[in-house]
Amino acid sequence: LQQPNVDFGPDTTLCNNGNLLLNLTTTNATYLWQDNSTGSTFNVNQAGIYWAEVTVNSCSSSDTIVVSLSNLSVDLGNDTSLCIAGANLILDATAPNANYIWQNNSNASVFFVTQPGKYWVEVSDNNCTVSDTIFVSYPNLSVDLGQDTSLCAGENLFLNVTSPNASYKWQDNSTGPTLNANQAGKYWVEITVNNCSASDTIIVTLNNS
């Protein structure tokens, strides 16, 4: 009588949310697994030690496999804006014993962003691969109220800092894109777009002559 062939292969690692089907289907066989189940296959979706015994005509063979789960992950953060031209952002994908490939084929674990664009990385370890993408923008944000100025009696100065997708805050706590300056004083505004801010100040005096 010939013993049945039972071979799970080498110990292995499952990637995130992966599974491994152990299939020992053999003609006229009976099966016994580590959990006392008796099917010809066993679906593995968590770490552990798995074994099975296959019996055909009173001859038995068994094998064992150790299955690990990969906790490999990568998170480049949310899409973001760099507020100052020339500023940089460090994208860190470091993971133990991993390999990396970035959108420009760099193989480093970190990437220095110095210009707007789409950035992505693939991180691989033990045949498992995860990836992430981030969009980085540099808002061309500026505000200019003009030069300090002097108004004659009855004159108004219309200050307009309208900018796409911006929010506004003036010295009087108003929040519109425009302000009518009709008296002497210091006027300032701060505009904000995508968490980036710019501000300017103007001094208005009254000409009494």
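The rules behind the values
Residues numbered from 1 in each chain as written. Predicted model: local features only at pLDDT ≥ 70, side-chain atom pairs only at ≥ 80, totals over all residues. Heavy atoms only, no water. Helix = DSSP H or I, 4+ residues; strand = E, 2+ residues; numbered from the N terminus. Buried < 20%, exposed > 50% of the residue type's maximum accessible area, 1.4 Å probe, protein only. Core = buried A, V, L, I, M, F, W, Y, C linked by side-chain atoms within 4.5 Å. Contact = heavy atoms within 4.5 Å. Pairing = 2+ DSSP bridges. Axes fitted to C-alpha atoms, helices over the stretch in contact; angles between N-to-C directions. Polar contact = N/O pair within 3.5 Å; in protein donor to acceptor, adjacent residues only side chain to side chain.

Examining unusual backbone geometry
Glycine aside, residues mostly have negative phi, and peptide bonds are mostly found in the trans state.
So, step 1. The phi angle at Asn97 is positive, at roughly 60°, despite the residue not being glycine.
So, step 2. Looking at where Asn97 falls in the secondary structure, it is placed in the loop between strand S8 (89-92) and strand S9 (99-102).
So, step 3. With a relative accessible area of 72%, Asn97 lands in the exposed category.
So, step 4. Notably, Asn105 is not glycine yet its phi reads approximately 75°, a positive angle.
So, step 5. Checked against the element boundaries, Asn105 lands in the loop between S9 and strand S10 (110-113).

Let's talk about the nonpolar core
So, step 1. Membership of the largest hydrophobic core comes to 20 residues, with the highest contact counts inside it found for Leu91, Trp102 and Val123.
So, step 2. When residues of this core are traced back to their parent elements, those giving at least two are S9, S10, strand S11 (117-125) and strand S12 (128-137).
So, step 3. If you tally residues by element for this core, the top one is S12, at four residues.
So, step 4. If sequence neighbours within four positions are ignored, Leu91 has contacts with Leu76, Trp102, Ser109, Val110, Phe111, Val113, Tyr119 and Ile134.

Here we look at the sheet that holds strand S1 (residues 12-14)
So, step 1. Strand order in this open sheet of four strands is S1-S6-S5-S3, and the pairing throughout is mixed. Taken across any chain shown, the strands that pair with only one partner, and hence form the sheet edges, are S1 and strand S3 (30-33). Strand-to-strand, the axes of this sheet are offset by a mean angle of 30°, without reference to chain direction.
So, step 2. Summarising the sheet, strand S5 (residues 48-56) and strand S6 (residues 59-69) pair through nine bridges and their orientation is antiparallel. Along S6, the bridge assignment pairs Thr55 with Ser60.

Quick word on the sheet that holds strand S7 (residues 80-81)
So, step 1. Strand order in the open sheet formed by four strands is S7-S12-S11-S9, with mixed pairing between adjacent strands. If you trace the sheet from one side to the other, it starts and ends with S7 and S9, each paired once.
So, step 2. Inspection of the sheet shows S9 paired to S11 by four bridges, in the antiparallel sense. Directly across from Tyr100, in S11, lies its bridge partner Val123.

Notes on the environment of Asp35
So, step 1. Locating Asp35 in the fold gives a position in the loop between S3 and strand S4 (41-44).
So, step 2. Owing to a relative accessible area of 42%, Asp35 belongs among the partly exposed residues under this scheme.
So, step 3. Note: C-alpha distance between Asp35 and Ala52 (17 residues apart in sequence) is 9.2 Å.
So, step 4. Separated by 2.7 Å, the side chains of Asp35 and Ser37 make a polar contact.

Quick word on the pairing of S3
So, step 1. Judged by which residues are buried, S3 turns out to be one-sided: Tyr31 and Trp33 face inward and are buried, whereas Thr30 and Leu32, on the alternate face, are not.
So, step 2. Relative to S5, S3 runs antiparallel, the two being bridged by four bridges. Within S5, the residue paired with Trp33 across the bridge is Ala52.

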